[in-house]
2 protein chains.
Amino acid sequence: MSNLQRLSINSETIKQWSLEELVAGCVDAGVPGIAPWREPVATYGLAKAARLIHNAGLTVTSLCRGGFYTAREPAERKQALDDNRRAIDEAAELNSPVLVLVSGGLDDRDLKGARGRVADALAELAPYAGERRVTLAIEPLHPMFCSDRCVVSTLKQAFDLAEPFPKEQVGVVVDTYHCWWEPDLDDQIARLGAAGRIALFQVADWITPLPEGVLLGRGQLGDGHVPLRDIRHQVDASGYQGPVEVEIFNADLRKRNGAEVLAEVIRRYRDHLV
Amino acid sequence: MSNLQRLSINSETIKQWSLEELVAGCVDAGVPGIAPWREPVATYGLAKAARLIHNAGLTVTSLCRGGFYTAREPAERKQALDDNRRAIDEAAELNSPVLVLVSGGLDDRDLKGARGRVADALAELAPYAGERRVTLAIEPLHPMFCSDRCVVSTLKQAFDLAEPFPKEQVGVVVDTYHCWWEPDLDDQIARLGAAGRIALFQVADWITPLPEGVLLGRGQLGDGHVPLRDIRHQVDASGYQGPVEVEIFNADLRKRNGAEVLAEVIRRYRDHLV
């Protein structure tokens, strides 16, 4: 199974599985990494989850997710920052090197204001994360999520946000689903990699038609239009040597048997990414 | 009605209306411009449509649309280019200064190849358009349409495609729905305007949740997150003095009484754009 050594499974890909099932399934299948979301960790219990994963011999590649700190109202903003500090603590306890950050969207029409507040939030959180040896990984989401989920939309924008901070504190997530269309993708990956700013590489494919709400429309690897292998090669060539995390939000995958989905992900990973 | 002098209504906004109804409705409401799609023009008859619009005292601000020339296969490609030449002829006959171009999407995973073929197609069509005094207006569509509709995704990318040609031959459409999220929007509008490359300004608002297939999810002016007035002011400040074309693809608007929709569009235009 040597070609699976960089593979990690994000818990949203097989959301029908509990954390215990995900851990057992990955051990069975020879997958060395998992990326849990905070919810299944909380359900299972944080300290218990850390032990479970450690005892299974698995690596946590990232914790998903922090962020959602674009609120303008001070009390709401404070609440968001406090929650992010908790998320950083959780990442540290899970021995996760990375906390993924999705910035949050807009309540109004002030996109520039919201983007400015993202930079401010990073300045508050970066030192706290650094002390706990957790890298904050800014994830630019596809621009179709700009109003309701994430005002950070491109790799360049994420890089510009990360740059003022030490790279151990703030990096960027390259997720093929979100960035595959970017006209300057090659250049941005090369730049990010050369600067040591790729904190995480996530993969999913792009398929159409998008479903209502667009959230659960990501494609299984190989089902869509993303040149996955090319992008992986670029990411590797830029200097990144970290995990390849499969994060597919797909309503149909969640209706199937978890072990079957995992086996399919592994086959597709070998066919399209290795 | 002096503040409507730059307003134009795209036929897709009130698709329930025939071309005749659109012309009569705009005359009644004091709207000076229309932007028909090719289909209603063909249904009514091209020469007849040109007379109808001219006799009504209306201006055609653009013809929608050409493009869809990303096919790799030579016969398919030739067919697409021939169809674009016909679209240019139609624009000329309608006295439309602009033919809107939506590039087409991908059959495969070769995004770079498809983008290269867009540049090639422009090189074939630009002189033909120039001879007929029609400006080809490259419309970058929102990246959520990259695979199935348009591999041109940003204003900068469109500008780069337009730049090799005289500005009378090839320009760019700035459509608020497609570009509102762009991190460098201000700079790109300023650059395009200064270079005389804004061939057309279209407006619609961004609302969520997006419907299945996402095509018919554009928002009525003022219903969403786009700072419409700010963007209009930027576009004007960049030197653009042309029409403000309202192009809203929205399933609900199409179910209502056409005259009511037009009256609402005019109110919203005054409230959010003038």
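Treat the numbers as computed from the prediction; the structure is a model and nothing was measured. (Residues numbered from 1 in each chain as written. Chains lettered and ligands numbered in written order. Predicted model: local features only at pLDDT ≥ 70, side-chain atom pairs only at ≥ 80, totals over all residues. Heavy atoms only, no water.)

## Section: the UniProt feature "domain: Xylose isomerase-like TIM barrel" (unreviewed entry) in chain A
Then step 1. The positions UniProt marks with the feature "domain: Xylose isomerase-like TIM barrel" (unreviewed entry) are residues 26-267 of chain A.
Then step 2. Between the C-alpha atoms that bound residues 26-267 of chain A there is a distance of 14 Å. The span itself is 43% helix and 16% strand. (UniProt positions renumbered as here; feature names shortened; annotations may be inferred. Helix = DSSP H or I, 4+ residues; strand = E, 2+ residues; numbered from the N terminus.)

## Digging into the layout of surface pockets
Then step 1. The volume enclosed by the largest pocket comes to roughly 500 Å³.
Then step 2. In terms of lining residues, the largest pocket is bounded by 22 residues, among which Lys156 and Asp184 of chain A together with Thr154, Lys156 and Asp184 of chain B are the most central.
Then step 3. Looking at the lining of the largest pocket, the elements that each hand over two or more residues are helix H6 (155-162) of chain A together with helix H5 (111-131) and helix H6 (155-162) of chain B.
Then step 4. Along the lines of polarity and charge, the residues of the lining of the largest pocket split into eight nonpolar, five polar and nine charged. (1 Å grid on protein atoms, 1.4 Å probe; cavity = no way out; pocket = protein on both sides within 12 Å on 5 of 7 lines; lining within 4 Å. Points joined across faces, edges and corners; volume = space filled by probe spheres on them. Nonpolar A, V, L, I, M, F, W, Y, C, P; charged D, E, K, R; others polar.)

## Description of the pattern of salt bridges
Then step 1. With the rule as written, the count across this model stands at 46 salt bridges over all chains.
Then step 2. With a closest N to O distance of 3.9 Å, aspartate 148 of chain B and arginine 149 of chain B form a salt bridge.
Then step 3. By relative accessible area, which is 35% here, aspartate 148 of chain B ends up partly exposed.
Then step 4. The network of salt bridges with shared partners includes Arg38, Asp83, Arg86 and Glu90 of chain A. (Salt bridge = Lys/Arg side-chain N within 4 Å of Asp/Glu carboxyl O. Buried < 20%, exposed > 50% of the residue type's maximum accessible area, 1.4 Å probe, protein only.)

## Some thoughts on the packing of aromatic side chains
Then step 1. Enumeration according to the criterion identifies nine aromatic pairs over all chains in this entry.
Then step 2. The interplanar angle of 70 degrees and the centroid separation of 5.8 Å between the aromatic rings of tryptophan 37 of chain B and phenylalanine 249 of chain B together place this pair among those described as edge-to-face. Linking tryptophan 37 of chain B in the loop between strand E2 (33-35) and helix H2 (38-44) with phenylalanine 249 of chain B in the loop between strand E11 (244-246) and helix H10 (258-272), this pair joins segments that are 212 residues apart in sequence. Both residues of the pair, tryptophan 37 of chain B and phenylalanine 249 of chain B, belong to the buried class.
Then step 3. Joined through ring pairs, the aromatic side chains of Tyr177, Trp180 and Trp206 of chain A make up one cluster.
Then step 4. Note that lysine 48 of chain A overlies the ring of tyrosine 44 of chain A, its terminal NZ or CZ placed 4.3 Å from the centroid. (Phe/Tyr/Trp six-rings, centres within 6.5 Å; stacked < 30°, edge-to-face > 60°. Lys NZ or Arg CZ within 6 Å of the ring centre and 35° of its normal.)

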